[in-house]
Amino acid sequence: MKPNSKEIIKIAQNVFKSKKISINSNIKNTLTWDSINHVSLVSKIEKKFKLKISFEDSISIFSIKDLIKILSKS
(Lines give C-alpha, C1' and ligand atoms only; values in the text may rest on other atoms or scores of the structure.)
Protein backbone atom coordinates (compact mmCIF):
# COMPACT_ATOMS: atom_id res chain seq x y z
CA MET A 1 0.00 0.00 0.00
CA LYS A 2 1.43 3.37 -1.06
CA PRO A 3 1.14 6.04 1.65
CA ASN A 4 -0.84 9.16 0.85
CA SER A 5 -0.59 12.48 2.65
CA LYS A 6 -4.10 12.33 4.16
CA GLU A 7 -3.37 8.99 5.82
CA ILE A 8 0.02 10.22 7.05
CA ILE A 9 -1.56 13.36 8.54
CA LYS A 10 -4.27 11.27 10.23
CA ILE A 11 -1.63 9.04 11.85
CA ALA A 12 0.35 12.13 12.94
CA GLN A 13 -2.80 13.70 14.42
CA ASN A 14 -3.31 10.53 16.43
CA VAL A 15 0.34 10.31 17.61
CA PHE A 16 0.59 14.02 18.49
CA LYS A 17 -2.97 14.10 19.88
CA SER A 18 -3.87 17.18 17.87
CA LYS A 19 -6.39 17.75 15.10
CA LYS A 20 -4.35 20.83 14.10
CA ILE A 21 -1.64 18.68 12.50
CA SER A 22 -1.42 19.48 8.79
CA ILE A 23 0.97 19.24 5.85
CA ASN A 24 2.71 22.33 7.32
CA SER A 25 3.30 20.86 10.78
CA ASN A 26 6.87 20.50 11.92
CA ILE A 27 9.04 19.91 14.96
CA LYS A 28 9.04 23.64 15.82
CA ASN A 29 5.31 24.37 15.56
CA THR A 30 4.03 21.13 17.15
CA LEU A 31 4.40 21.19 20.94
CA THR A 32 3.90 17.44 21.35
CA TRP A 33 6.52 16.53 18.72
CA ASP A 34 9.17 15.20 21.09
CA SER A 35 11.60 12.29 20.79
CA ILE A 36 9.14 9.71 22.13
CA ASN A 37 6.34 10.77 19.79
CA HIS A 38 8.81 10.98 16.90
CA VAL A 39 9.73 7.31 17.38
CA SER A 40 6.05 6.46 17.78
CA LEU A 41 5.17 8.26 14.53
CA VAL A 42 7.89 6.43 12.57
CA SER A 43 6.84 3.11 14.10
CA LYS A 44 3.13 3.60 13.33
CA ILE A 45 3.90 4.66 9.74
CA GLU A 46 6.10 1.58 9.25
CA LYS A 47 3.42 -0.71 10.67
CA LYS A 48 0.52 0.84 8.75
CA PHE A 49 2.28 0.80 5.36
CA LYS A 50 4.38 -2.34 5.96
CA LEU A 51 7.70 -0.65 5.22
CA LYS A 52 10.98 0.11 6.95
CA ILE A 53 12.30 3.64 7.42
CA SER A 54 16.07 3.64 7.84
CA PHE A 55 17.63 5.20 10.91
CA GLU A 56 19.26 7.84 8.70
CA ASP A 57 15.90 8.75 7.18
CA SER A 58 14.12 8.72 10.54
CA ILE A 59 16.52 11.27 12.05
CA SER A 60 16.11 13.54 9.03
CA ILE A 61 12.35 13.95 9.58
CA PHE A 62 11.62 17.40 10.94
CA SER A 63 8.21 17.96 9.36
CA ILE A 64 5.24 16.21 7.81
CA LYS A 65 6.61 17.27 4.42
CA ASP A 66 9.93 15.55 5.20
CA LEU A 67 8.07 12.39 6.14
CA ILE A 68 6.03 12.43 2.92
CA LYS A 69 9.19 13.00 0.86
CA ILE A 70 10.96 10.04 2.50
CA LEU A 71 7.92 7.80 2.04
CA SER A 72 7.64 8.74 -1.63
CA LYS A 73 11.14 7.30 -2.17
CA SER A 74 10.15 3.89 -0.81
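The structure contained in this document is the topic of the report that follows. (Residues numbered from 1 in each chain as written. Predicted model: local features only at pLDDT ≥ 70, side-chain atom pairs only at ≥ 80, totals over all residues. Heavy atoms only, no water.)

## Observations concerning the overall build of the protein
Part 1: Within the protein, the secondary structure is distributed over four helices and zero strands.
Part 2: Along the protein, from the amino end to the carboxyl end, the secondary structure elements read α-α-α-α.
Part 3: What you see for the protein is a C-alpha radius of gyration of 11 Å, in line with the 11 Å of a compact globule of 74 residues.
Part 4: Along the first, second and third principal axes, the C-alpha atoms of the protein reach 30 × 25 × 20 Å.
Part 5: Looking at the protein as a whole, 38% of its 74 residues are labelled buried.
Part 6: Taking all contacts inside the protein whose residues are at least 6 apart in sequence as the whole, residues at least 24 apart take part in 55%.
Part 7: When the accessible area of the protein is evaluated, it comes to approximately 5100 Å², of which 59% is carbon and sulfur surface. (Helix = DSSP H or I, 4+ residues; strand = E, 2+ residues; numbered from the N terminus. Rg over C-alpha atoms; globule rule 2.2 N^0.38 Å. Buried < 20%, exposed > 50% of the residue type's maximum accessible area, 1.4 Å probe, protein only. Contact = heavy atoms within 4.5 Å. Areas by Shrake-Rupley, 256 points an atom, 1.4 Å probe, with all protein chains shown as cover.)

## Remarks on the pattern of salt bridges
Part 1: For the structure on display, the rule yields two salt bridges.
Part 2: One salt bridge connects Glu 46 with Lys 52, and the closest N-O pair in it is separated by 3.6 Å.
Part 3: Given the relative accessible area of 68%, Lys 52 is considered exposed.
Part 4: Its salt-bridge partner being Asp 57, residue Lys 73 comes within 3.6 Å of it at the nearest N-O pair. Here the residue Lys 73 occupies a position in helix 4 (residues 64–73), and Asp 57 occupies one in helix 3 (residues 55–58), the gap between them amounting to 16 residues.
Part 5: A residue is classified by how much of its surface remains accessible, and Lys 73, at 60% relative accessible area, is exposed. (Salt bridge = Lys/Arg side-chain N within 4 Å of Asp/Glu carboxyl O.)

## A closer look at a positive patch on the surface
Part 1: Together, Lys 10, Lys 19, Lys 48 and Lys 50 make up a positively charged patch on the protein surface.
Part 2: Given the relative accessible area of 74%, Lys 19 is considered exposed. (Patch = residues over 30% accessible without salt bridge, like charges linked within 9 Å, V, L, I, M, F, W, Y side chains within 5 Å. Lys, Arg positive; Asp, Glu negative; His and termini not counted. Charge placed at Lys NZ, Arg CZ, Asp CG, Glu CD.)

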